[in-house]
Amino acid sequence: MRTLRWAATLGFVVMVGVQVGFCATTYEVGISSRVFKPAHARNWRGAKTQALVATIWYPVNADGKVYEEPQVIGPPDGALFLAGGAAVNASIATSPEKFPVVMLSHGTGGSAMQLAWLGTVLARHGYIAVGINHPGNNALEPYTAEGFVLWWERATDISDALDALLSDATFGTHVDEARIGAAGFSIGGYTVLELAGARTDQERFLKACETDPTLHKCVVPEMKNMGDPEQMLAKVRASSAESMARGGASYRDPRVKTVFAIAPAVGQAFDADGFREVTIPVAMVVGAADPIAPVATNAGRFLALMPNAHLTVLPDGVAHYTFLDTCTGVGKAKLGVFCGDAAGVDREKVHATVSAMAVKFFDKNLK
């Protein structure tokens, strides 16, 4: 149901002055890591690490014996981003016996920790949140052409990581398999829509880039050192013909009951039938000032193609990289566009608004 406020001048849904509340039960937050190694053959996209490296945020009993410590991205003496607070390897809460799960997918060239602002809040409100570093396309090791081009393989990362989580000695028995959702940012927003049943038409996207190669969606900052796009594509076609051939397949994971897409990207990769099989509840949120995934050609277009979707557009200068973790002073000095919010935009307040929306959405749809 599309029930948010309609802004006729923009042609899509806008929510202003978002008021959302959290559930009453809150927990301390634990954080742990895993290296999942699926036994079956899969496309690792030329990545140095042929494994799914995961960060897991989870509820911990708030008994006064657990102490959350600040988490950061970057060296301790020169941290670039603040990544919330969590107790490293603390014991998972014992009540209730099982918790709902939200699988997290980061943006192009990012990492699971870039969604710490969301993962920690989900854990505090009774969710196990699991972020995956997507092979060939994460900031912890060298990028690969395949990591940028084979978007649909990201959905297989999430499904395989979910398999591994369910078998994990620590977390597996605490997962409520009937209550699993997914959330992602940018190309991660695309990823969770794939998990919901969306289908990609990459040739459609490539033709749009051939027509106008200056479009933001065709050349994103993370790709600046990857060489000519045509050379990248030729390499991937040679190395990954099998994956390219199934780019338009369905990657629906029926265990995922609902998805929350933040600034979902590559809108031109979907034709009018691309969302025909998406029937689960979908929430999308994007900034009105987003130049990487503009509303009109991405989330705003998707809204019209899905029967059970919400779209929230955050006004007042909120852009694409506002949805990354909060930058430190060092980060602002070194990372340029990734930390450069418009005047008046408070990144932490945006995070608080969107994480509150996510908790409310998942509480409603993972009953």
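As a reminder, the structure under discussion sits directly above these lines.
One structure accompanies this document, and this report is about it. Residue numbers here run from 1 along each chain, matching the order of that chain's written sequence. Only residues with pLDDT of 70 or above have their local features reported here, since the model is predicted, and side-chain atom pairs are shown and tallied only from 80 upward, although totals for entire chains, interfaces and linings are computed over all residues. To obtain the side-chain values, all non-hydrogen atoms of the structure were included, while hydrogens and water were left out.

**Points about the overall build of the protein**
The numbering of helices and of strands both runs from the N terminus, where a helix is a DSSP run of H or I of at least 4 residues and a strand a run of E of at least 2. Looking only at helices and strands, the protein features 10 helices and 13 strands. Note on classification: 1.4 Å probe, protein chains only; a residue is buried when its accessible area is under 20% of the maximum for its type, exposed when over 50%, partly exposed between these limits. When burial is assessed residue by residue, the protein has 57% of its 367 residues classed as buried. Throughout, a residue-residue contact means that at least one pair of heavy atoms, one from each residue, lies within 4.5 Å. Within the protein, residue pairs in contact and separated by at least 24 positions form 80% of the contacts whose partners lie at least 6 positions apart. Each accessible area is a Shrake-Rupley result for a 1.4 Å probe, and residues are judged covered by the shown protein chains and nothing else. If you sum the accessible surface of the protein, you get close to 15200 Å²; carbon and sulfur atoms cover 55% of it.

**What to know about the packing of aromatic side chains**
Pairing of aromatic side chains requires ring centres within 6.5 Å, counting the rings of Phe and Tyr and the six-membered ring of Trp. Pairs whose planes differ by under 30 degrees are stacked, by over 60 edge-to-face, and all others tilted. Taken as a whole and assessed by the stated rule, the structure comprises 15 aromatic pairs. Between Y190 and F270 the ring centres are 5.7 Å apart and the planes differ by 45 degrees, which places this aromatic pair in the tilted class. Taken together, the residues Y190 in helix α4 (residues 187–195) and F270 in the loop between β10 (258–262) and β11 (282–287) connect sequence positions 80 residues apart. Exposure class is identical for Y190 and F270. Each is buried. Ring geometry for F361 against F362: centres 5.5 Å apart, planes inclined by 65 degrees, an arrangement best described as edge-to-face. Taking the relative accessible area as the measure of exposure, F362 reaches 0% and is therefore buried.

**A look at the state of the cysteines**
Cysteine sulfur atoms that come within 2.5 Å of each other are treated as a disulfide pair. Tallied over the full model, the rule gives one disulfide. Sulfur-sulfur distance for the disulfide between C327 and C339 comes to 2.1 Å. Across the S-S bond of C327 and C339 the torsion is about -90 degrees, and the bridge reads as left-handed. With C327 in strand β13 (residues 326–327) and C339 in the loop between α9 (329–334) and α10 (347–365), the pair connects residues that are 12 residues apart, well separated along the chain. The exposure class assigned to C327 is buried, which follows from its relative accessible area of 8%.

**Observations concerning the pattern of salt bridges**
Salt bridge criterion: a side-chain nitrogen from Lys or Arg within 4 Å of a carboxyl oxygen from Asp or Glu. Within this structure, the stated rule accounts for 12 salt bridges. A salt bridge links R255 to D163, with the nearest nitrogen and oxygen atoms 2.6 Å apart. Of this pair, R255 sits in the loop between α7 (241–245) and β10 while D163 sits in helix α3 (residues 153–167), and the two are 92 residues apart along the sequence. With a closest N to O distance of 2.8 Å, R255 and D253 form a salt bridge. What makes D253 buried here is its relative accessible area of 6%. Salt bridges here are not isolated pairs; linked through shared partners, they connect R42, R45, D157 and D160.

**Focus: the side chain of R45**
Counting through the fold element by element, R45 comes out in the loop between β3 (28–36) and β4 (52–60). N or O atoms closer than or at 3.5 Å make up a polar contact, with two conditions inside protein: a donor-capable atom paired with an acceptor-capable one, and, for residues adjacent in sequence, both atoms drawn from side chains. A polar contact is formed between the side chain of R45 and the side chain of D157, at a distance of 2.6 Å. If we skip the residues at most four places from it in the chain, R45 touches P135, G136, T144, E146, G147, L150, E153, R154 and D157.

**Some points on the pairing of strand β12 (residues 309–314)**
Counting buried positions over the six residues of β12 gives five, a clear majority of the element. By this definition, two strands are paired if DSSP reports at least two bridges between them. Where β11 lies against β12, six bridges are found, and the strand directions are parallel. Bridged to V286 within β12 is V313. The handedness of a crossover follows from its direction of travel: if, with the strands pointing away from the viewer, the path from the first strand over the helix to the second runs clockwise, the crossover is right-handed. Handedness of the crossover joining β11 and β12 through helix α8 (residues 299–305): right-handed.

**A closer look at the side chain of H106**
Within the element layout of this structure, H106 appears in the loop between β7 (99–105) and α1 (116–124). Every residue in contact with H106, bar those within four places of it in the chain, is listed here: S111, A112, L115, I132, N133, H134, N137, N138, R154, F185, I187 and G188.

**Describing unusual backbone geometry**
Residue P96 is reached from S95 by a cis peptide bond, and omega for that bond is 0 degrees. Of note, P96 is situated in the loop between β6 (81–88) and β7. With a phi angle near 60 degrees, N89 is a residue other than glycine that sits in the positive phi range. Along the chain, N89 falls in the loop between β6 and β7. Of note in the backbone geometry, S186 takes a positive phi value of approximately 60 degrees without being a glycine. Within the fold, S186 resides in the loop between β9 (175–185) and α4.

**As for α3**
Taking 1.5 Å of rise per residue, the 15 residues of α3 would be expected to cover 21 Å, and the 22 Å separating its terminal C-alpha atoms lies within 8% of that figure. Burial within α3 is extensive, with 11 of its 15 residues counted as buried. Among the residues of α3, those classed as buried are E153, R154, A155, T156, D157, I158, S159, D160, A161, L162 and L165. Take the residue count of a helix, subtract one, and multiply by 1.5 Å to get its expected span.

**Regarding the environment of L140**
Following the sequence through the fold, L140 ends up in the loop between β8 (128–133) and α2 (145–149). Residues L140 and S111, spaced 29 residues apart in sequence, show a C-alpha to C-alpha distance of 7.3 Å.

**Remarks on the packing of α1 against α10**
Each axis is a line fitted through C-alpha atoms, and for a helix only the stretch in contact is used; angles between axes span 0 to 180 degrees, taken between their N-to-C directions. Closest axis-to-axis distance for the α1/α10 pair is 10 Å, and the angle between their directions is 45 degrees. Considered as vectors, α1 and α10 are oriented oblique to each other. Viewed along their axes, α1 and α10 form a crossing whose handedness is right-handed. Two secondary-structure elements touch here, α1 through W117, L118, V121 and L122 and α10 through H351, V354, S355, A358, V359 and F362. Note on terminology: angles under 35 degrees are roughly parallel, angles over 145 are roughly antiparallel, angles of 65 to 115 are roughly perpendicular, and the others are oblique. Crossings are assigned a handedness: left-handed for a near helix turned anticlockwise from the far helix by less than a right angle, right-handed for a clockwise turn.

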